[in-house]
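# Architecture at a glance
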Amino acid sequence: MRRLVVLLAAVAGGLAVVLWTVWPWLPLAKNRQSRTMVIYGFAIVEKTLTKSIFPAFQKKWKERTGEDLEIISSFGGSGTMTNQLIMGVPAEVAILSTELDMQRLYRSGVLKTESWKRLPYGGVMNRTPFIILVRPGNPKGIRDFDDLAKRGVRIVHPDPLVSGAANWAIMAEYGAALRKPGAKEAQGKALLLGIWRNVVSQAGSGRAARTQFENGFGDALITYEQDIIATTEDHVSTQEAVYPRSTILSEHTVTPIDKHIKPHQRELIQAFLDFLWSDEAQMLFVQDGFRSVKERLNGANPRFGVITDPFLIDDFGGWGEAKRNIIDRIWKDEVLKELKS
Amino acid sequence: MIGIEGISKRFGDNEVVKDMSLTVKDGELLVLLGASGSGKSTVLRMVAGLISPDKGRVLLDGADITRSSPRERNFGYVFQNYSIFPSMTVAENVEFGLKIRKKPPEERQRQRQRLLEMVGLEGLGERYASQLSGGQLQRVALARSLAYNPRVLLLDEPFGALDAKTRIHLRQAVRNVIRQVNVTTIMVTHDQDEAFEMADRVAILNEGRIDQLGRPSEIYYHPITYFTANFVGEINFFAGTVTRVVREGCEIELAGGIRVFRRGAYPFAPGMPVRYGVRPEQMTISLLEPKSHENGISGIIEKNLFLGDITRYAIRLSDARLLDVRILNYLFMDGMAMPYDLNEEVWLIWSQGSGIILADV
Amino acid sequence: MKSNDMAGQKVTSFLPAGFLLVVMLPLMILPLAAVFIYALQEGPKTFMATLTTRDALFALRFSVIIAFATAAVNVVLGTYAAYVLSKTRFPGREQLGIILNLPVAIPNVVVGTSLLLLWGPIGILGKFLEPLGIQPMFTAFGVLLAHIFVTFPYMVGAVKPVLDDLPVTYEEAAYTIGASRRQTFYHVVFPALRGGIITGALLTFAHSLGEFGATVMVSGNLRLQTQTAPLYIFSQFEGGNIAAANSVAAILAVISFFLFSLILYWNRKRESKKAR
């Protein structure tokens, strides 16, 4: 008798688990999505996209067509996402940290044309400067990139091989040195050497580097201003932002992946892309700490810090040139080799 | 009737069964007796259809069944390790063959009850294998293999895994059951007592061949090869030469100069080299010289071994050989542990009607 | 076993257990405890809230379905493989056995990558499937494929030893009694394997629930489509949502604890049945 009760309970429990598990797929459920869209993005934009941009667009799309739109998305380090895209992930829109990764998609044939260039602002969705994050009270006295090269500063840095943020950070470091009056390549290289000597951890993405730093590892982190603004809102701050005199404004690029877009999806994708550069979406970015490509909107966020001398990747001849000359030649072939020897 | 015609079986480089032929009559219980490696189990497995011979045929009532599956043969097989299915009760095990043959439940039940009763396991039908002793398991195995009225019963060392007491008890029980159902049976064993107790006829196997086939007494008293004579029971062999052949028998001179006489007709001529053997229990020990109708040889008692029903003596002969002799302890009395002392000189005496002569080849 | 009664007695002593505890505390027990501490840090309300987000619910459900499917496929495939490896003889049998066990030793990421390089849109075979509109990777099917691959050795490992220990005479007995191959498997071999199969299925299920390396490659980590619970945990952790990550991790830990308890219970039952 007792055995029977136990058996019945086990069967009932098992059935309950199975029922709960398959519930959303049962035909009786009414919330069946009619429309989906697949978006691949890099780590930093995840929160703003999933919490603000997607819901706003879903609402808009519903108003326009009456369809419930489901957005399938995945986020990670820009390089990792690019590799996955090259492997053939069927994403319809890619949002990557650097144009560099766009070029990789183009070269590997995922993109048939340089399709980001036909979008507004050359595909740049928003910007954010790279700044330095230090511990409360700035115990190491870090005021600018130069101070990162000081002895005894431990730096958490994302890994340039897989992270877009890391590539931006290197450009910020190198560029800041070169923007000084009379500075040449030698000064830039010297600063990179000094900073990279102090790198104690290389994380897979800008996000992961931030998580490490937040958990108490290292003295300084070079990261997106947006990340700091967005996260210090809802966290007790264990860090403090330092604005360098001169730094790069990173530009995040969007592209449709035409070969994955079925004809009946074209209208939807176009509508989404249009929405990204609408004032509504750009305002959402600004609220979350990204600087809009539309300068006039940037006054709306009082938390943006002052950068005396901002510069863009175009000042170094665009990503193609910067990658070849600075990342690969100076950082990888010279700085890294010197550090190892 | 089962016929085995010139079957051979090879495993790798090792020819285990060599061109063997054999006939088993209906209702007969034939035992294949041999040491391990003699090929006896291989023969049985070929008869069962578990393996197929490289050469030769297996016949059942004249029909060739060499290529038939075990299922088509309808034989029963009992394994040394019982192989009672652990997931089934005893009753389910016994009924398995009938279930496979899609017999109605009433028939299955009737047959199962009859067989469990026959093997002495009535009332244990609901037990599992893990709840039974080895002897009980083998009874279940026997019942299981007889439940579907097999044409032939094959027993593969059925008592090999049992302790001595159980073994003796069980072989009588099995023998009775086989007699009762009168099924043609082939059993394989390495145990001579077992073979002699169970068998109508015994086949002595040696390295994949049949050395001798016959009734147990024939095998014991009239071995035709040196191997069989040694393999079955124990025997003291002497090298010798035939010295005289007469109508009543022949005289043989053993190494050491002693002459023995064996009654009976032998196709020997004087001067032929032979082997002459006497089994230990055929000799007696005496302080008196042999009479004219007896054979005898003298020696010194070097060892005695009290075994309960018998005493074994080792007797040193004048040519330094040791002979094995067994004496029934029927003379045993209080205060007299051994009838003969160590180092005592005695006569070994045996009848001129016993003794085994093999042409020395 | 009678003579072993005394030798089989286990000594009751707290010292070795205490030592084990001291060693395991920093190695396993504290990190596991940390999962629960972080999950419940912000109160049970937050815990429930992080668990009931659409993404978390989907990830948990998807993981459970995949684990069920993986176990179901491997019960059939793994048992068959174990049977072939244990009961048949053919050249290369041992090598095949080693190859089937490789997924245990090679990083799962490598398994995922090799699946992608085979079936992905630019893969050796996927290249030809792509134009036909067949795309097994980055779908639930791809995840299932990876999980079957990765958990296969656990199924074979649970069933094969049981088969190896099953004397061939059980099958031969069934044959001589008149059973066909199918009947022999159904009535004799399968009942003997049942315990091994259940253990293997539970192991497979548990490993599938926790699988990360191969899944992250072949799934594309698409939330609400192919994101399993471990991928969700990793994404949330990367995004700094420690509480959300640990809530789901805690649920996985509880399920695993329950599953392994079941395996233990099952094995003990089997042992006691054997010893009876």
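Residues numbered from 1 in each chain as written. Chains lettered and ligands numbered in written order. Predicted model: local features only at pLDDT ≥ 70, side-chain atom pairs only at ≥ 80, totals over all residues. Heavy atoms only, no water.

Moving on to the overall build of chain B. A count of helical and extended segments in chain B gives 9 helices and 20 strands. In chain B, which comprises 361 residues, the share counted as buried stands at 51%. Roughly 16,900 Å² of accessible area belongs to chain B as shown, and the carbon and sulfur atoms make up 50% of that amount. (Helix = DSSP H or I, 4+ residues; strand = E, 2+ residues; numbered from the N terminus. Buried < 20%, exposed > 50% of the residue type's maximum accessible area, 1.4 Å probe, protein only. Areas by Shrake-Rupley, 256 points an atom, 1.4 Å probe, with all protein chains shown as cover.)

Take the overall build of chain C next. Of the regular secondary structure elements, chain C holds 12 helices and 0 strands. Secondary structure elements of chain C, listed N to C terminal, follow the sequence α-α-α-α-α-α-α-α-α-α-α-α. Seen along its three principal axes, the alpha-carbon backbone of chain C occupies a region of about 65 × 65 × 30 Å. Every one of the 276 residues in chain C was classed for burial, and the buried ones make up 46%. Long-range contacts, defined here as pairs at least 24 residues apart, represent 73% of the contacts in chain C between residues at least 6 apart. (Contact = heavy atoms within 4.5 Å.)

We now examine the nonpolar core. Counting residues in each nonpolar core, the largest one holds 97 residues, and the members touching the most others are B:Leu32, B:Phe85, B:Phe96, B:Leu142, B:Leu154 and B:Ile186. Residues in contact with B:Ile186, not counting those within four places in the same chain, are B:Ile2, B:Val24, B:Leu30, B:Leu32, B:Leu44, B:Val47, B:Leu153, B:Leu154 and B:Leu155. Residues A:Phe42, A:Phe54, A:Ile222 and A:Leu268 belong to the second largest nonpolar core, which totals 73 residues. (Core = buried A, V, L, I, M, F, W, Y, C linked by side-chain atoms within 4.5 Å.)

Before going further, it helps to spend a moment on the packing of helix H5 (residues 108-119) of chain C against helix H7 (residues 140-165) of chain C. How two helices pack is summed up by the angle between their axes together with the distance between the axes. Residue and element names in this part refer to chain C. Viewed as axis vectors pointing N to C, H5 and H7 meet at an angle of 135°, and their least axial separation amounts to 10 Å. In terms of orientation, H5 lies oblique with respect to H7. In this structure, the crossing between H5 and H7 has a hand that is right-handed. From H5, Asn-108, Val-111, Leu-115 and Trp-119 reach across to H7, where they touch Leu-145, Ala-146, Phe-149 and Val-150. Tallied by class, the residues present in the contact of H5 with H7 amount to 7 nonpolar, 1 polar and no charged. (Axes fitted to C-alpha atoms, helices over the stretch in contact; angles between N-to-C directions. Parallel < 35°, antiparallel > 145°, perpendicular 65-115°, else oblique. Left-handed = near helix turned anticlockwise from the far one by under 90°. Nonpolar A, V, L, I, M, F, W, Y, C, P; charged D, E, K, R; others polar.)

For the rest of this paragraph, the subject is the sheet that holds strand S11 (residues 236-245) of chain B. Residues and elements named next belong to chain B. Here we have 5 strands laid out as an open sheet, ordered S13-S12-S11-S14-S20, and antiparallel in their pairing. Unpaired on one side and paired on the other, strand S13 (259-263) and strand S20 (356-359) mark the two borders of the sheet. Taken over all neighbouring pairs, the strand axes of this sheet differ in orientation by 40° on average, direction set aside. Pairing geometry for strand S12 (residues 249-254) and S13, over 5 bridges, is antiparallel. Note that in S13 the partner of Glu-253 across the bridge is Arg-259. (Pairing = 2+ DSSP bridges.)

Let's shift gears to the interface of chain C and chain A. When the parts come together, some accessible area is lost, and that loss is often what is quoted as the size of the interface. Taken together, the contact pairs 29 residues of chain C with 30 residues of chain A. Between chain C and chain A, a total of about 2,500 Å² is buried, with carbon and sulfur atoms accounting for 59% of that surface. When the buried area of chain C at its contact with chain A is split by residue, C:Arg61, C:Arg223 and C:Glu238 rank highest and sum to 28% of it. At the junction of chain C with chain A, the criterion picks out 2 salt bridges. C:Arg223 is paired through a salt bridge with A:Glu46; the nearest N and O atoms lie 2.5 Å apart. If you look at where chain C meets chain A, you find 8 residue pairs in polar contact (both at pLDDT 80 or more). Only helix H3 (54-87), H5, helix H10 (213-219) and helix H11 (229-238) of chain C provide two or more residues apiece to the side of chain C that touches chain A. Considering every element that reaches the side of chain C that touches chain A, the biggest residue donor is H3(C), with 8 residues. Residues of the side of chain C that touches chain A, tallied by class, amount to 17 nonpolar, 8 polar and 4 charged. (Buried area = accessible area lost by both parts, 1.4 Å probe. Salt bridge = Lys/Arg side-chain N within 4 Å of Asp/Glu carboxyl O. Polar contact = N/O pair within 3.5 Å; in protein donor to acceptor, adjacent residues only side chain to side chain.)

Now for the sheet that holds strand S8 (residues 184-189) of chain B. Residues and elements named next belong to chain B. One open sheet accounts for 6 strands, arranged S6-S7-S8-S3-S9-S10; its pairing is mixed. Two strands bound the open sheet, and with one partner strand each, they are strand S6 (75-78) and strand S10 (209-214). Going across the sheet, the axis of each strand differs from the next one's by a mean of 15°, ignoring polarity. Direction of pairing for strand S7 (residues 152-156) relative to S8: parallel, over a ladder of 5 bridges. The residue of S8 that forms the bridge with Val-152 is Thr-184. Contacting S6 and S7, helix H5 (residues 134-146) runs over the sheet at an angle of about 170° to S6.

Our next topic: the packing of aromatic side chains. For any pair of aromatic rings, the description rests on two quantities: the centre-to-centre distance and the angle between the ring planes. Taken as a whole and judged by the stated rule, the model has 24 aromatic pairs over all chains. For the pair A:Phe285 and A:Phe290, a centre-to-centre distance of 5.8 Å together with 85° between the ring planes defines the contact as edge-to-face. Accessibility assignment for this pair places A:Phe285 and A:Phe290 in one class, buried. Aromatic side chains B:Phe85 and B:Phe96 sit 5.3 Å apart centroid to centroid with 75° between the ring planes, which places their arrangement in the edge-to-face category. One end of the pair, B:Phe85, is in the loop between S6 and helix H3 (90-100); the other, B:Phe96, is in helix H3, with 11 residues separating them in the sequence. A residue is classified by how much of its surface remains accessible, and B:Phe96, at 1% relative accessible area, is buried. An aromatic cluster of at least three residues, connected via ring pairs, comprises A:Phe54, A:Phe57, A:Trp61, A:Phe272 and A:Phe275. Taking NZ or CZ as reference, B:Arg275 lies 3.9 Å from the ring centre of B:Tyr226, over its face. Positioned over the ring face of B:Tyr220 is B:Arg279, at 4.0 Å from the centre of the ring. (Phe/Tyr/Trp six-rings, centres within 6.5 Å; stacked < 30°, edge-to-face > 60°. Lys NZ or Arg CZ within 6 Å of the ring centre and 35° of its normal.)

Residues and elements named next belong to chain B. With 7 of 10 residues buried, strand S1 (residues 2-11) lies mostly within the body of the structure. Relative to strand S4 (residues 55-60), S1 runs antiparallel, the two being bridged by 5 bridges. Bridge pairing in S4 places Gly-3 opposite Leu-59. In terms of strand pairing, S1 meets strand S2 (residues 14-24) through 7 bridges, oriented antiparallel. Each bridged residue has a counterpart across the sheet, and for Phe-11 the counterpart in S2 is Asn-14.

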